[in-house]
Structures are given as C-alpha cells and as structure tokens.
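Geometric and topological summary
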Amino acid sequence: MSVGVRVGIGWDLHRLAPGRRFPLGGVEVPHSKGPEGHSDGDPLLHAVADAVLGAAGLGDIGDRFPPTDPKWKGADSRALLKECLAAARALGWAPAQADCVVVLEQPKLGPHKDAIRKSVATALGLPGSAVNFKAKTAEGLGPVGAGDAVEAHAVVVLEPVRP
Ligand code: MG
C-alpha cells in the first residue's frame, strides 16, 4: 500500500487523586486533584504518544514504557512522547497534524485551552496551527462525570520525513 500519510488514534484515562499535580498536554492545570500514574500521569500526552505509535505501526506506550520500569517513575510525559517521535522518525515518519479531546468535569479548561494546544504542538515539533484541542465534560455521567477520572483522545497524522 502506498500512502502519503499515516493516521493513528490514542486514548487514555487516569484516575484523579488528591494532592497530585495535574499536567495536561504538558501544561500544569491548577486543581485540588491530579492524575495518578507511574509517570507524571499526563493523559493527553499519553494519548498523543499512542496516536504517534499507532500511525507508525509501533504498538503502544504500555509496551514501550512498562509501569514496572523505574526509569519512567514520575517522568515528564514529554520525554515519553519524544521517544515515540524518535521511533517514528527512525521509520521515516514525522508529525503533520493532531486533533485532541480531553473529557474532564472540573476544573473548566477554557482558560487553559490555548496554552494546552500550543504545548502539544511544541511537544510534537509542530506550529500551533497544526494542532487542535477540544475540552468536553461527561455531563455528570460515570467516573469522569463524578470528577474521579480524566479521559483523553488524540488523532495524529504522520507524513514522510522531509529530506
Ligand atoms: Mg496514561
């Protein structure tokens, strides 16, 4: 199959716990709770990293960064994404575009949307105009709606590395 671009999808969900930092796409969101995780728990960067791996046909971040590996304890998820980008680049693929959704009840992300979009773009090595970010709520339904979890979705398009 000869294709000009590749598309990958990523999804993540993290339980929210009191007293944890709340990184979203690399932006620290002020809140009384934050995502639990072996790394910094940034669900959006995990979804983006999985989308990169998916587009490159490279599996998922669970394989690449096992929670049993002390190397990634408390790690900045931008470092995880960087490794995934390097693996995709080694196969000749570079990011072209991304679209992201975070589902979160509290806090409201309106004031942070632009910073998150720009931060994800920077992490992908893209101009801000190549990344879109959407914030949704779960309308009070399920664990996300109860404020006990945060969910993230991402689609990433990869294109051949420019010579
Ligand atoms: Mg995760």
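What this report covers is the structure whose coordinates are included nearby. (Residues numbered from 1 in each chain as written. Predicted model: local features only at pLDDT ≥ 70, side-chain atom pairs only at ≥ 80, totals over all residues. Heavy atoms only, no water.)

A few words on the coordination of the magnesium ion. At 2.0 to 2.2 Å from the magnesium ion lie its protein donor atoms, namely Asp12 (OD), His14 (NE2) and His46 (ND1). Mapping the donors of the magnesium ion onto the primary sequence yields the spacing D-x1-H-x31-H. With aspartate 12 in strand E1 (residues 6-18) and histidine 46 in helix H1 (residues 43-56), this pair connects stretches of sequence that are 34 residues apart. You can call aspartate 12 buried: its relative accessible area is 14%. Using a relative accessible area of 7% as the deciding quantity, one classes histidine 46 as buried. (Donors = N, O, S within 2.8 Å, 3.2 Å for Na, K, Ca; no water. Helix = DSSP H or I, 4+ residues; strand = E, 2+ residues; numbered from the N terminus. Buried < 20%, exposed > 50% of the residue type's maximum accessible area, 1.4 Å probe, protein only.)

The next thing to look at is H1. Compared with the 20 Å implied by 1.5 Å per residue over 14 residues, the 20 Å span of H1 between its first and last C-alpha is a close match. With 13 of 14 residues buried, H1 is to be regarded as a mostly interior element. The backbone nitrogen of leucine 44 lies 3.2 Å from a side-chain oxygen of the residue at the head of H1, namely aspartate 42. Phi for glycine 57, located one or two positions after H1, is positive at around 70°. (Expected span 1.5 Å × (residues − 1). Polar contact = N/O pair within 3.5 Å; in protein donor to acceptor, adjacent residues only side chain to side chain.)

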